[in-house]
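Read off the chains here:
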Amino acid sequence: MKKKLVIVSSFVVMLALLCACQPNNGVLPPPPVVDETPDGTPVSPSNSDDFNAIFSYGASGTYYLATNMENLTAQLDVKAKDGGLLRLDGNGKTISRNVGTTGNKGDKAIVQILNNNGTIAVRNINISGISTNDINKWNDGEFGIKVYNSKNVSLSDLSVTNANAGILIGSDSNATLLGTIDVSGNKYGGINVDDSTLTIAYDAEIICNDNTVPAIWKDSAADGTVNYEPGTLVEYTISGSSIDGKNGQVWYLTPEQDADFNWEAAAGLQGAPTTDAN
């Protein structure tokens, strides 16, 4: 009798395990639901005025965009409270501005970080710019992201396209790039460093799928500093270029760009290389 009980008990256990491993009606159970909502407060501004009412006067805390902001007619201004920390997560959304909606030089970017005395972190956003007019004309400030006279700014995991320069780091600013930064498809190049310091984190990836304009450039060797890991960029000094009366631009290409760069076509825009600065 005891042996029979043992055999029956073992059979019941095996049957239970077998049933637990089989999907119902031959259909696999759905994967677990993963909440990918960013941390912070969701914001859904429908236009530039709504956005600027939240961020242009000095904000702190963590926010994420809950909706795209497309076809804007005015600039978005982002500023942290003095000494404060502002995190803006784009949540993979797109911000775009209509061509022909720019005003004066101070209103020609899509996103502007100006005179910031706090700490700002912008991440996970796609920006489509407002570049206008002839390909060989600099339109005085049509940037996707403009960082101006601002310290402690970080930009991570974002793309900027269709601007004079995708990103400007200017007027004694200090900015760090992290994650994947895609600056393909901008008229004069990806990132313009002007009297400022740009630091590219050791594990960051710069993407620029253009073979006639640089991923990063300075108008002269003295126009600021670009810090990067050896082997991640190829640096050139350019002859014959003149923007705002400055010659001897310094161009930084990604290794992928450098392998297939069209210097003959690039010379018609901003000059041709003379020496490898490395």
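Right, let's walk through the structure included here.

About the cut-offs
Residues numbered from 1 in each chain as written. Predicted model: local features only at pLDDT ≥ 70, side-chain atom pairs only at ≥ 80, totals over all residues. Heavy atoms only, no water. Buried < 20%, exposed > 50% of the residue type's maximum accessible area, 1.4 Å probe, protein only. Helix = DSSP H or I, 4+ residues; strand = E, 2+ residues; numbered from the N terminus. Pairing = 2+ DSSP bridges. Contact = heavy atoms within 4.5 Å. Polar contact = N/O pair within 3.5 Å; in protein donor to acceptor, adjacent residues only side chain to side chain. Phe/Tyr/Trp six-rings, centres within 6.5 Å; stacked < 30°, edge-to-face > 60°.

## A closer look at the pairing of strand β19 (residues 250–253)
Side chains V250 and Y252 project from β19 onto one buried face, and the interleaved W251 and L253 project onto a second face that is buried too. When strand β16 (residues 216–218) meets β19, the two strands line up antiparallel, connected through 3 bridges. Along β19, the bridge assignment pairs K218 with V250. For strand β18 (residues 234–239) and β19, the ladder comprises 4 bridges, and the chain directions are antiparallel. Bridged to E235 within β19 is Y252.

## Digging into the environment of G40
Within the element layout of this structure, G40 appears in the loop between α1 (2–21) and β1 (41–43). Residues G40 and D89, spaced 49 residues apart in sequence, show a C-alpha to C-alpha distance of 8.6 Å. With residues near it in sequence (within four places) discarded, G40 still touches T62 and Y64.

## Some thoughts on the side chain of Q249
Summarising the element assignment, Q249 is placed in the loop between β18 and β19. Relative accessible area serves as the criterion here: at 0%, Q249 is assigned to the buried category. A distance of 2.9 Å separates the side chain of Q249 from the side chain of W251, its partner in a polar contact.

## Here's the deal with the environment of E70
Considering the arrangement of structural elements, one finds E70 in strand β3 (residues 69–72). Assessed through its relative accessible area of 48%, E70 is described here as partly exposed. Between the C-alpha atom of E70 and that of N47, which follows or precedes it by 23 residues, the distance is 8.5 Å. Every residue in contact with E70, bar those within four places of it in the chain, is listed here: T94 and S96.

## Structural notes on the pairing of strand β13 (residues 189–194)
With 5 of its 6 residues buried, β13 lies for the most part within the structure. Sheet topology places strand β11 (residues 165–170) next to β13; 5 bridges connect them, and they run parallel. The residue bridging L168 from the neighbouring strand is N192, located in β13. Relative to β16, β13 is paired through 3 bridges, and the arrangement is parallel.

## Considering the packing of aromatic side chains
Applying the stated rule across the entire model yields 7 aromatic pairs. Taking the centre distance of 6.2 Å and the plane angle of 75° together, the rings of W251 and F261 count as edge-to-face. Of this pair, W251 sits in strand β19 while F261 sits in the loop between α3 (255–259) and α4 (263–270), placing them 10 residues apart in sequence. Judged by relative accessible area, F261 falls into the buried class, the value being 10%. Measuring from centroid to centroid gives 5.7 Å for W251 and W263, while their planes differ by 20°, and the two rings are stacked. Of the two residues, W251 sits in strand β19 while W263 sits in helix α4, which places them 12 residues apart along the sequence.

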